[in-house]
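Okay, here's what each chain looks like letter by letter:
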Amino acid sequence: MLFMVAVLPAQEVQWLSFEEAVALADTEENPKKVFIDVYTDWCGWCKKMDKDTFQNAEVAQYMQEKFYMVKLDGEGKEPIEFKGQTFKFVPSGRKGYHELAAALMQNRLSYPTTIFLDEEMNMLSPVPGYQKPEPFLNIARYFGDDIYKEKDWKTYSGAK
């Protein structure tokens, strides 16, 4: 017996800087929502999510279609201008943190944290922790397909 397996072509996620995503959201006629992956260089779960989730063909294709994809180093040193404010690196403990990452994560410095913003760069939700491809896609569709406007998460996800 012969089985055929459909293989989706590999799709590379085109990661943008935060500033590039803001510029696109400001200038395009029909801007996309913004997805931000807040990571650190030392975070093993961040690397695993890059490999398992963001390189998954179905995830990559959906995310490229619906979102501007941003990688934001939670310990980045460069200042970032956003909504009239300058966010900077703050030395703290052994490393430190970037004020924008902290603000987006609602001061819960947990890596990885993925952030969903609407087309006007307003917070939809931070999602802390490693996510496998299927549950991640479920979360992404909730925001990307505007389901969040009609159903609360508990109803949509079937959470008990």
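On a predicted model such as this, the values are computed, not experimentally measured, just so you know.

Draft legend 1. Expanded view of unusual backbone geometry. Cis geometry marks the peptide bond from Y111 to P112; its omega dihedral reads -5°. Mapped onto the elements, P112 comes out in the loop between α4 (99-104) and β8 (113-117). With phi around 50°, K83 is a residue other than glycine that occupies positive phi space. Tracing the sequence through the fold places K83 in the loop between β4 (80-82) and β5 (85-87). Positive phi, normally seen in glycine, also occurs at D146, with a value near 60°. Mapped onto the secondary structure, D146 falls in the loop between α5 (133-144) and α6 (153-157). D146 sits in the partly exposed class, given a relative accessible area of 24%.

Draft legend 2. Fine view of the pairing of strand β9 (residues 123-128). Across five bridges, β8 lies against β9 in antiparallel orientation. Looking at the pairing, I115 lines up with P126 of β9. From the end of β8 to the start of β9, which pair antiparallel, there are five residues, and M121 there has a positive phi angle of about 70°.

Draft legend 3. Representation of the packing of aromatic side chains within the structure. Tallying each qualifying case throughout the model produces 18 aromatic pairs. Between F35 and F54, the aromatic rings sit 5.7 Å apart at their centres with planes inclined by 65°, giving edge-to-face as the arrangement. Here F54 lies in helix α2 (residues 44-54) and F35 lies in strand β2 (residues 33-39), a separation of 19 residues in the sequence. Classification of F54 as buried rests on a relative accessible area of 3%. For the pair Y142 and W153, a centre-to-centre distance of 5.0 Å together with 80° between the ring planes defines the contact as edge-to-face. Here Y142, found in helix α5, pairs with W153, found in helix α6; they are eleven residues apart in sequence, far enough to count as distant. Judged by relative accessible area, which is 6%, Y142 ranks as buried. The class of W153 is partly exposed, set by a relative accessible area of 35%. Through a chain of ring-to-ring contacts, three or more aromatic side chains come together here, namely W15, F35, F54, F67, F116, F136, Y142, F143, Y148, W153 and Y156. One residue, K71, lies across the ring of W15, its end atom 4.5 Å from the ring centre. Taking NZ or CZ as reference, K77 lies 4.1 Å from the ring centre of F89, over its face.

Draft legend 4. Spotlight on the state of the cysteines. All told, the structure shown has one disulfide when counted by the stated rule. C43 shares a disulfide with C46; S-S distance 2.3 Å. On the sign convention where negative means left-handed, the S-S torsion of about 85° between C43 and C46 marks this disulfide as right-handed. Side by side, C43 and C46 carry an identical accessibility label, which is buried.

The rules behind these values
Residues numbered from 1 in each chain as written. Predicted model: local features only at pLDDT ≥ 70, side-chain atom pairs only at ≥ 80, totals over all residues. Heavy atoms only, no water. Helix = DSSP H or I, 4+ residues; strand = E, 2+ residues; numbered from the N terminus. Buried < 20%, exposed > 50% of the residue type's maximum accessible area, 1.4 Å probe, protein only. Pairing = 2+ DSSP bridges. Phe/Tyr/Trp six-rings, centres within 6.5 Å; stacked < 30°, edge-to-face > 60°. Lys NZ or Arg CZ within 6 Å of the ring centre and 35° of its normal. Disulfide = S-S within 2.5 Å.

Shape descriptors only; they carry no functional weight alone.
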